[in-house]
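Observations on the three-dimensional arrangement
Chain by chain, the residues:
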Amino acid sequence: YHPTYVFQEPGGSFAKTLIKRGQARICDVVCPGSVGSVQLESWSEELLRSIEVAAGTSFNCFVANHYADGRVVINWHSDSGPGDDEGLGPNPRIGSLSLGATRTFSLKSKRPGPRGCIIHLDVPLIHGSLLVMGKNSQTHWLHSLPADEWVRG
């Protein structure tokens, strides 16, 4: 499944693009406004509950991303704010399960840190890893997935 993604451009207009990674967005019945999601079935509800236990928090949905290789790029963004059509609401907690090739997930602060510098973190996402972006992560951080020509599927 390759859904489309709606994002707000710097000038304020909205654009759609096809997501080039395989993605499954699996949601509970309480996921208002969610785009491109499928409803929980018994197996996916069991997986969601396991993700909640591992994360120590509850979610109304989770996302599983499949990265076949290093060609998929996700530009810097946050997942809430004007134009959010994913039903996440303000200040969401997001659980993301990574499948396939190991990729680097990058974070950078929206504002300078204590020494006046933007903080940049890289987190390797291996097959089966669970990334949880907690409360305030979308308020204070941008995230991306840079291309990596050395990653093979």
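Read on for an overview of the structure. All values reported here derive from a predicted model rather than from experimental measurement. (Residues numbered from 1 in each chain as written. Predicted model: local features only at pLDDT ≥ 70, side-chain atom pairs only at ≥ 80, totals over all residues. Heavy atoms only, no water.)

**Digging into the pairing of strand 11 (residues 141-145)**
- Pairing analysis gives two bridges linking strand 6 (residues 74-77) to strand 11, with the strands arranged antiparallel. Bridging across to strand 11, histidine 77 finds its partner in histidine 143.
- Relative to strand 11, strand 8 (residues 103-109) runs antiparallel, the two being bridged by four bridges. Bridged to serine 109 within strand 11 is tryptophan 141. (Pairing = 2+ DSSP bridges. Helix = DSSP H or I, 4+ residues; strand = E, 2+ residues; numbered from the N terminus.)

**Considering the nonpolar core**
- Ile26, Leu40, Leu48, Ile51, Phe59, Phe62, Ala64 and Leu97 together form the largest nonpolar core, which totals eight residues.
- When residues of this core are traced back to their parent elements, those giving at least two are helix 1 (42-55) and strand 5 (61-67).
- The next biggest cluster of nonpolar side chains, apart from the first, holds six residues, and it includes Ile94, Phe105, Leu131 and Met133. (Core = buried A, V, L, I, M, F, W, Y, C linked by side-chain atoms within 4.5 Å. Buried < 20%, exposed > 50% of the residue type's maximum accessible area, 1.4 Å probe, protein only.)

**Re the sheet that holds strand 8**
- Ordered by their spatial adjacency, four strands build an open sheet running 6-11-8-9, and the pairing between neighbours is antiparallel. Edge positions in the sheet fall to strand 6 and strand 9 (120-125), since each has one partner strand and no second. Between one strand axis and the next, the sheet turns through 15° on average, direction left out of account.
- The sheet contact formed by strand 8 and strand 9 spans six bridges and is antiparallel. Opposite lysine 108, over in strand 9, you have histidine 120 as the bridge partner. (Axes fitted to C-alpha atoms, helices over the stretch in contact; angles between N-to-C directions.)

**So, the packing of aromatic side chains**
- Summed over the entire model, instances satisfying the criterion amount to zero aromatic pairs.
- Directly above the aromatic system of tyrosine 67 lies the positively charged group of arginine 103, at a separation of 5.8 Å from the ring centroid.
- Its end group placed over the ring of tryptophan 76, lysine 108 keeps NZ or CZ at 4.6 Å from the ring centre. (Phe/Tyr/Trp six-rings, centres within 6.5 Å; stacked < 30°, edge-to-face > 60°. Lys NZ or Arg CZ within 6 Å of the ring centre and 35° of its normal.)

**Things to note about helix 1**
- Between its first and last C-alpha, helix 1 extends 20 Å over 14 residues, near the 20 Å set by a 1.5 Å rise per residue.
- Residues Ser44, Leu48, Ile51 and Glu52 constitute the buried set of helix 1. The buried side chains of helix 1 occupy one side of the element, clustering within an arc of 100° when seen end-on. Seen from the open side of helix 1, the exposed residues pointing more than 90 degrees away from its buried face are Ser42, Trp43, Glu46, Val53 and Ala54.
- Positive phi appears at glycine 56, one or two residues downstream of helix 1, with a value of about 75°. (Expected span 1.5 Å × (residues − 1). Arc of directions from axis to C-beta.)

**Considering the pattern of salt bridges**
- Scanning all chains against the criterion turns up three salt bridges.
- For arginine 49, the salt bridge identified is with glutamate 52, shortest N-O distance 3.1 Å. Highlighted residues: arginine 49 and glutamate 52, both in helix 1, separated by three residues, approximately one helical turn.
- Using a relative accessible area of 29% as the deciding quantity, one classes arginine 49 as partly exposed.
- According to the relative accessible area criterion, glutamate 52 is buried, its value standing at 13%.
- Between aspartate 69 and arginine 71 there is a salt bridge, with the nearest N and O atoms lying 2.9 Å from each other.
- The exposure class of arginine 71 is exposed, given its relative accessible area of 70%.
- Salt bridges sharing partners connect three or more residues here, namely Glu45, Arg49 and Glu52. (Salt bridge = Lys/Arg side-chain N within 4 Å of Asp/Glu carboxyl O.)

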